[in-house]
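# Reading the structure
Here are the chains, one letter per residue:
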Amino acid sequence: MENISNNRSFGGWHKQYRHYSSSLNCEMRFAIYLPEQANSQKVPVLYWLSGLTCTDENFMQKAGAQRLASQLGLAIVCPDTSPRGEGVADAAAYDLGLGAGFYVNATQAPWSSHYRMYDYVVDELPALIEQHFPVSDKRAIAGHSMGGHGALMIALKNPGRYLSASAFAPISHPSQCPWGQKAFAAYLGSDREAWKAYDTVELIKSGAKGLPMRVDQGESDLFLAEQLLPQALRAAATDAGIALSFHSHAGYDHSYYFIASFIDEQLKFHASHLGL
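Here we summarise the structure given alongside this text. (Residues numbered from 1 in each chain as written. Predicted model: local features only at pLDDT ≥ 70, side-chain atom pairs only at ≥ 80, totals over all residues. Heavy atoms only, no water.)

### Overview of the packing of helix α3 (residues 117-132) against helix α4 (residues 146-157)
- Running from N to C, α3 and α4 cross one another at 60 degrees; their axes reach a closest spacing of 11 Å. As judged from the angle between their axes, α3 and α4 are oblique. Where α3 crosses over α4, the handedness of that crossing is right-handed. Residues Tyr118, Val121 and Val122 of α3 pack against Met153, Ile154 and Lys157 of α4. (Axes fitted to C-alpha atoms, helices over the stretch in contact; angles between N-to-C directions. Helix = DSSP H or I, 4+ residues; strand = E, 2+ residues; numbered from the N terminus. Parallel < 35°, antiparallel > 145°, perpendicular 65-115°, else oblique. Left-handed = near helix turned anticlockwise from the far one by under 90°. Contact = heavy atoms within 4.5 Å.)

### A few points about the pattern of salt bridges
- On inspection of all chains with the given rule, the structure shows ten salt bridges.
- One salt bridge connects Arg29 with Glu57, and the closest N-O pair in it is separated by 3.9 Å. One end of the pair, Arg29, is in strand β3 (residues 26-34); the other, Glu57, is in helix α1 (residues 57-62), with 28 residues separating them in the sequence.
- Asp119 serves as the salt-bridge partner of Arg116, at 3.1 Å between the closest nitrogen and oxygen.
- Through salt bridges with shared partners, a single network forms among Glu2, Arg18 and Glu27. (Salt bridge = Lys/Arg side-chain N within 4 Å of Asp/Glu carboxyl O.)

### Some words on the side chain of Asp221
- As for its placement among the helices and strands, Asp221 is situated in the loop between β8 (213-218) and α8 (224-228).
- In this structure, Asp221 is buried with no salt-bridge partner, the nearest side chain bearing the opposite charge being Arg234 at 14 Å.
- A distance of 3.3 Å separates polar atoms of two side chains, one belonging to Asp221 and the other to Gln217.
- Residues contacting Asp221, with those up to four places away along its chain left out, are Ala169, Leu228, Tyr252, Asp253 and His254. (Buried < 20%, exposed > 50% of the residue type's maximum accessible area, 1.4 Å probe, protein only. Lys, Arg positive; Asp, Glu negative; His and termini not counted. Polar contact = N/O pair within 3.5 Å; in protein donor to acceptor, adjacent residues only side chain to side chain.)

### Notes on the nonpolar core
- Core analysis: the biggest nonpolar cluster contains 73 residues, and Phe30, Phe102, Ile129, Ile141, Ile154 and Tyr187 have the highest contact counts within it.
- The leading source of residues in this core is α3, at eight residues.
- Grouped together as the second largest cluster of nonpolar side chains are 23 residues, Trp48, Ala69, Ala142 and Ile263 included. (Core = buried A, V, L, I, M, F, W, Y, C linked by side-chain atoms within 4.5 Å.)

What follows is the structure in structure tokens.
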């Protein structure tokens, strides 16, 4: 594991690392924010999954999460959104291939040789983080858009692994929207039953065990009606008796201006479940 950058931030450190991923068969980069408390004790960790076209840098540079994370004593880990490098399959469109891993384990060629982001986020990266950094086994997970899909889906598929989950403008029902259908057809094949294993709404409908979840959604989000489908998520959670804390925000869009406006509320939500 190679340390490639270090930046002091609110008493703690933002660091970037490069390592070889056995799950993805390529080199990967991730970022970690370690608050000052990590100098003397193990701290809880929030895994942040970013959206289409993003890398580890978008959230760390734009969301402004470090100020409150430093006060809370919360580490934040941001992986990349897909495998990258020479020989990794790609597509011309922004919503498939590099930067668009959708946090699934691809089963179809040419994607299956590298695109196993589910295994990377759930198993490989946390094992690496817990081996090399002063973090505890208290974990939370969050994300934006495609990453919001990833965060909620992964939390529901791994009961007990995370104490809380949250999302900004998640792709709530990917098997029923254009972004998700395009990615799932490429990565998972034409069998739509296989898609349900990575669909938050379908997981809830099939009886997935709930956990504390928060969703923030901008009412002026251009992707709201066609791609995000939050109404399906709210209906499924209500029918299943899952406590979903849903917050709708007038005038806000899909951008990091929206995320930066409410990131403190999400961090406080996680802190309440992480014992901070």
